[in-house]
Amino acid sequence: MNYTALAEMLFPHIDKTPEDYEALYPKRQLPPEAKVTRLGPSPTGFIHLGNLYGAFVDERLAHQSGGTFFLRIEDTDEKREVEGAVEAIISSLEYFGLRFDEGVTIHGETGSYGPYYQRRREAIYQCYAKHLVEKGLAYPCFCTEEEIQAIRGQQEKKGENPGYYGHFAKCRELKSDAVRRNLEGGKPFVLRFRSTGDPARNFQIIDGIRGHLSMPENFQDVVLLKQNGIPTYHFAHVIDDYLMRTTHVVRGEEWLSSLPIHVALFDALELPLPIYCHTTVLMKMEGENKRKLSKRKDPELSLSYYRSQGYHPKAVREYLLTILNSNYEEWRLANPDSPMEDFGFTTEKMSSSGTLFDLDKLNDVSKEVLVRMPDEELYDFLFVWTQEYRRELGPLFTDNKNMLLRILAMDRHGEKPRKDLVYCEQIFDFISYFFDDYFKVEDSYPAEVAQGDIKPILEAYIKGYDHSDDASQWFSKIRTLSTDMGYAAKPKDYKKNPELYKGHVGHVSTVIRIALMGRASSPDLWEIQQIMGETRAMTRINKAIASL
RNA sequence: GUCCCGUUGGUCAAGUGGUCAAGACGUCGCCCUCUCACGGCGGAAUCAGGGGUUCGACUCCCCUACGGGAUACCA
């Protein structure tokens, strides 16, 4: 068989050679330790936390080493394409702080290693395909779907490995004439890899995350180019990541089992291997067992969900970092004020077993992040969020900016700051009682206070109220009020001798608290009144009295 | 079915032959306290099971179980 002639027959329109592309996409001029990584999503538009988790590894690796992080759209399967998906992907990732240096952007493509849409790289793939045919390492396969099915059926019956390989690969040794006839007859074909691998032999490889791996060689004559001339993932990955000079291929562990294919292809093309980093997938608890995050089943784990709830991107990033690198939390404890970019992220510290998504932990991390955030910044963040997700709150935010700043500052700047704030939706709920339109009575008066005492307490409170009292003056009045009404001035007194009192000062102030904000629990009462202003505070109490 | 990867408390996890098996979240109790938080102190809770190797195994090897993934002209 004359392979050169076959190659010409198959790809007459391809006149470039691998050397041409080699020259077109030269080695990157980067310091030796710089890493080049990429994200290669297919344009289905949906991104969840698991995708962000993986992308984050790429981003850290590249930017931490002074390298390049680029976006390539893997659109080789037109059936799955979703309108507007690329924009959605870019904007979600950017929101969470993942910045691409190169590749596909909202406005077009940037960088000199493009095109970055795989569909636009057809000629490149075909050039390398032609090259493989010339070397006798690829061949056209004219088998129909039915024929492949039949082969599989046969294999299953005999208990042999399913697939197209060895003597099952009918088209492998097709004579030149037969190929020509098929071609002239317009018969569609796929281009297959002529595997020389032996599954009984293992090869060794070092994975950036998992370390030493030993896997059987690929023996399948996998499809390189589909009937439409577009490559499969396997072939596109090899060509693209070589020509784009990717140094680290970070991808989910679901790719581990096709690693032998990729290694065989790099080998056949005599190209150097990148460093593979196979991440674990993020899991979710379903009933008794763990499950991989899925697009269909877990809409609450989509990035847009966290965004709409108003989680701060920093919080999400920080959470991801804690599950990504086991030593991050320790580092954070030792460096509470350093930007997270200062942390030395390594793939070696990544776990290789499936990680369960933990909302409690995210919330905790978020509290720590928000408590360090200046009030102005927090206000701005909330405001931008309302513009996008709670438009009706917009005027409230602009009209009450000063008050909101005071509310957000409440008890957040001392030695032991409160950590009440988690995400926008929750924050608004937490402070909503300040605004009459959102004020509602949620809790009931404490059981320790007799129904008949409530009104007198509130009336006495109003009577003695002086807005200019400082915190301690104010509280000593509450104490007096309590004693006058038969309640202990200190909870301890009540606990020691419960028979002497109706209740204690805590119960009395809860009555006031409920009248004032409709809740039995809140930050410091005095401070809240100062922020609310005298008029609003007194109106609330009067209303509470009236409703009794 | 076959192949690959994995398995330390409820969760995330340190750990690479000798530790009373870190730490964080969560949970429980106590303290602080006008409520709730915050903070402090303390508790419960882990090496999947079975065989080896070794003076000694969470750590190395084998088997089993369980979980996950792959098995496409999808990525």
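The structure we're discussing is the one just above.
The rules behind these values
- Residues numbered from 1 in each chain as written.
- Chains lettered and ligands numbered in written order.
- Predicted model: local features only at pLDDT ≥ 70, side-chain atom pairs only at ≥ 80, totals over all residues.
- Heavy atoms only, no water.
- Salt bridge = Lys/Arg side-chain N within 4 Å of Asp/Glu carboxyl O.
- Helix = DSSP H or I, 4+ residues; strand = E, 2+ residues; numbered from the N terminus.
- Buried < 20%, exposed > 50% of the residue type's maximum accessible area, 1.4 Å probe, protein only.
- Disulfide = S-S within 2.5 Å.
- Phe/Tyr/Trp six-rings, centres within 6.5 Å; stacked < 30°, edge-to-face > 60°.
- Lys NZ or Arg CZ within 6 Å of the ring centre and 35° of its normal.
- 1 Å grid on protein atoms, 1.4 Å probe; cavity = no way out; pocket = protein on both sides within 12 Å on 5 of 7 lines; lining within 4 Å.
- Points joined across faces, edges and corners; volume = space filled by probe spheres on them.
- Nonpolar A, V, L, I, M, F, W, Y, C, P; charged D, E, K, R; others polar.
- Near = heavy atom within 4 Å.
- Polar contact = N/O pair within 3.5 Å; in protein donor to acceptor, adjacent residues only side chain to side chain.
- Core = buried A, V, L, I, M, F, W, Y, C linked by side-chain atoms within 4.5 Å.
- Contact = heavy atoms within 4.5 Å.

Peer 1: Explanation requested: the pattern of salt bridges in the structure shown.
Peer 2: Working definition: two side chains of opposite charge can pair if their charged atoms are close together. Overall, the coordinates contain 34 salt bridges when judged by the stated rule. The partner of Asp241 in a salt bridge is Arg38, and the shortest N-O contact between them spans 2.5 Å. Placement of Asp241 in helix H8 (residues 233-243) and of Arg38 in strand S1 (residues 36-39) is noted, with a sequence separation of 203 residues between them. Given a relative accessible area of 2%, Asp241 falls into the buried group. Look at Arg38 and you get buried, because its relative accessible area is 5%. The partner of Asp240 in a salt bridge is Arg72, and the shortest N-O contact between them spans 3.7 Å. Residue Asp240 is located in helix H8, and its partner Arg72 is located in the loop between strand S2 (68-71) and helix H4 (85-95); the two are separated by 168 residues in the primary sequence. Arg72 gets classed as buried once you look at its relative accessible area, which sits at 0%.

Peer 1: So what exactly am I meant to see when it comes to unusual backbone geometry here?
Peer 2: What is expected of a backbone is that most residues other than glycine have negative phi and most peptide bonds are trans. We note that Arg245 has phi near 60 degrees; this positive angle belongs to a residue other than glycine. Inspection of the secondary structure puts Arg245 in the loop between H8 and strand S10 (248-252). Even without being a glycine, Asp411 presents a positive backbone phi close to 55 degrees. With respect to the helices, strands and loops of the structure, Asp411 is situated in the loop between helix H16 (401-409) and helix H17 (424-431).

Peer 1: Just checking my understanding: could you explain the state of the cysteines for this structure?
Peer 2: Each disulfide is one covalent bond, formed between the sulfur atoms of two cysteines. Tallied over the entire structure, the rule returns 0 disulfides. We note that Cys143 lacks a disulfide partner, and the nearest cysteine sulfur, in Cys171, lies 3.7 Å from it.

Peer 1: Could you clarify how one ought to interpret the packing of aromatic side chains in this entry?
Peer 2: Aromatic rings considered in pairs are described by the distance between their centres and by the relative angle of their planes. Enumeration according to the criterion identifies 24 aromatic pairs in this entry. Taken together, Tyr305, Tyr306, Tyr311, Tyr319, Phe357 and Tyr423 form an aromatic cluster joined through their ring pairs. Here the basic side chain of Arg307 rests over the ring of Tyr95, its NZ or CZ set 4.4 Å away from the ring centre. The residue whose ring lies beneath Arg540 is Phe439, and the NZ or CZ to ring-centre distance is 4.0 Å.

Peer 1: Honestly, empty space enclosed by the protein in this entry has me stumped. Any pointers?
Peer 2: The gaps left among the atoms become clear once a water-sized probe is rolled over them. In total, this model carries 2 cavities of 30 Å³ or more according to the counting rule given. A volume near 90 Å³ is recorded for the largest cavity. Residue lining of the largest cavity: Ile407, Leu408, Met410, Arg412, Arg418, Asp420, Leu421, Phe430, Ile431 and Pro523, and that is the complete set. Counting only elements with at least two residues in the lining of the largest cavity, the list comes to H16 and H17. Of the residues that constitute the lining of the largest cavity, the class distribution is 7 nonpolar, no polar and 3 charged. Along its surface, the second largest cavity is lined by Met1, Leu6, Tyr139, Pro140, Cys171, Arg172, Leu174 and Val179. Class assignment for the residues of the lining of the second largest cavity results in 7 nonpolar, no polar and 1 charged.

Peer 1: I would appreciate a short explanation of the protein's contact with RNA strand B in the present structure.
Peer 2: Neighbouring RNA strand B are 60 residues; Thr76, Arg152, Arg210, Lys226 and Arg418 lie closest to it. Near the protein, within 4 Å, the atoms of RNA strand B are sugar or phosphate in 72% of cases. With respect to RNA strand B, the backbone of Tyr233 contributes an N or O atom lying 3.2 Å from a phosphate oxygen. Ser509 is positioned with one of its side-chain polar atoms (N or O) 3.2 Å from a base oxygen of RNA strand B. The element best represented in the surface near RNA strand B is helix H21 (residues 505-517), accounting for 4 residues.

Peer 1: What is the right way to look at the nonpolar core in this model?
Peer 2: Generally speaking, nonpolar side chains in soluble globular proteins are found buried as a group. Residues Phe235 and Phe434 are the most contacted members of the largest nonpolar core, which totals 152 residues. Of all the elements, helix H3 (residues 49-64) adds the most residues to this core, at 8 residues. Filtering out sequence-adjacent residues up to four positions away, Phe235 remains in contact with Tyr125, Tyr128, Ala129, Leu132, Leu224, Leu225, Leu265 and Leu269.

Interpretation note: all reported values are geometric properties and have no functional meaning in isolation.
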